[in-house]
Structure formats: C-alpha cells, structure tokens
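Okay, here's what each chain looks like letter by letter:
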Amino acid sequence: MELKFNGTAYEMETNFGELAISADDTKGFRPFQLMVASIAGCSGTVMKKIFTKKRLDINDITIKADVTRNPEKADRIEAIHMTFVVKSNDLTDNAMEKIIELTRKNCSMVQSVQDSIAITESFEIVKDEC
C-alpha cells in the first residue's frame, strides 16, 4: 500500500479506483470515516458469510454506525455502535443475537481495535410484506 500527497490529500490507487484521504471532507474521505467504514464493512461481510453458511434467506442488510469521538484527546474514536437492520422472514431475535456474537468474534477489524474502541451492536429485523 502506498499513499502519495497531492497537496490537499493523500491518494492511493486501488483495484477499484483512486482513494483520496484528507482532513478536509471536500477533498477526500476523512481518516475516521475510513476506520468506521472498515469496522462496519468487515462486520457486514462476516455477518453475510454466517447467514450464507446457516442457509438463512436474507433480503437486505443495512449497517448504521454511530461514532463517539473525544475532542480532548485528538478527536480519537472512543466508541462505535453499529445497528444491523436485516430484512428477512427467516430470522429470529435469538438467532440474530448468536450471529452478532459470531460476527464480533470473527471480524478482524473489530478484533484489532476492541481493546481501544468500545464496539457495541444492536439489531432490527424487518419482515418482508407478502
């Protein structure tokens, strides 16, 4: 991975195009946004694999991430709360609680930051109207 400063942002080439990172959100993604997106995206990817392995029919997954930052400590991320909104007629609250535990245990990003950022989860199951 290589990042190059262009005068207003750091840029890096990825397989999906150029990624710009800047403290100015008009010039690129802010670093904290990328960290939160990495944690939420990793969690969602792991969760989807678990749904597939358990043969659960999931129609949609949305992850809402609420971030708490501490302005007195360099605006560090202190906590992230993720709400998983899952659209499915197959899923129960009990099954979802177990899936969240497995997701937390198997998400490398959550495991990487769990001792420095408080990560919490909740969920909402939305049934499809037939």
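See the structure printed just above.
What this report covers is the structure whose coordinates are included nearby.

The rules behind the values
Residues numbered from 1 in each chain as written. Predicted model: local features only at pLDDT ≥ 70, side-chain atom pairs only at ≥ 80, totals over all residues. Heavy atoms only, no water. Axes fitted to C-alpha atoms, helices over the stretch in contact; angles between N-to-C directions. Helix = DSSP H or I, 4+ residues; strand = E, 2+ residues; numbered from the N terminus. Parallel < 35°, antiparallel > 145°, perpendicular 65-115°, else oblique. Left-handed = near helix turned anticlockwise from the far one by under 90°. Contact = heavy atoms within 4.5 Å. Nonpolar A, V, L, I, M, F, W, Y, C, P; charged D, E, K, R; others polar. Core = buried A, V, L, I, M, F, W, Y, C linked by side-chain atoms within 4.5 Å. Buried < 20%, exposed > 50% of the residue type's maximum accessible area, 1.4 Å probe, protein only.

Once that is clear, we can look at the packing of helix α1 (residues 31-53) against helix α2 (residues 93-106). Between α1 and α2, the shortest axis-to-axis distance is 9 Å and the interhelical angle comes to 125°. Relative to α2, the element α1 is oriented oblique. Our pair here, α1 against α2, has a crossing hand that is right-handed. Where α1 approaches α2, its residues Ser-43, Val-46, Met-47, Ile-50 and Phe-51 are matched on the opposing element by Met-96, Ile-99, Ile-100, Leu-102, Thr-103 and Asn-106. Across the contact of α1 with α2, the residue classes break down as 8 nonpolar, 3 polar and no charged.

By size, the foremost hydrophobic cluster in this structure holds 24 residues, and its most contacted members are Phe-51, Ile-80, Leu-91, Met-96 and Ile-119. Broken down by secondary-structure element, the contributors of at least two residues to this core are α1, β5 (76-87), α2, α3 (108-113) and β6 (118-126). Residue contributions to this core peak at 8 residues, all from α1. Non-local contacts of Leu-91, meaning those with residues more than four positions away in its chain, are made with Phe-51, Leu-56, Ile-58, Val-86, Met-96, Ile-99, Ile-125 and Lys-127.

Just distances and angles here, no functional claims.
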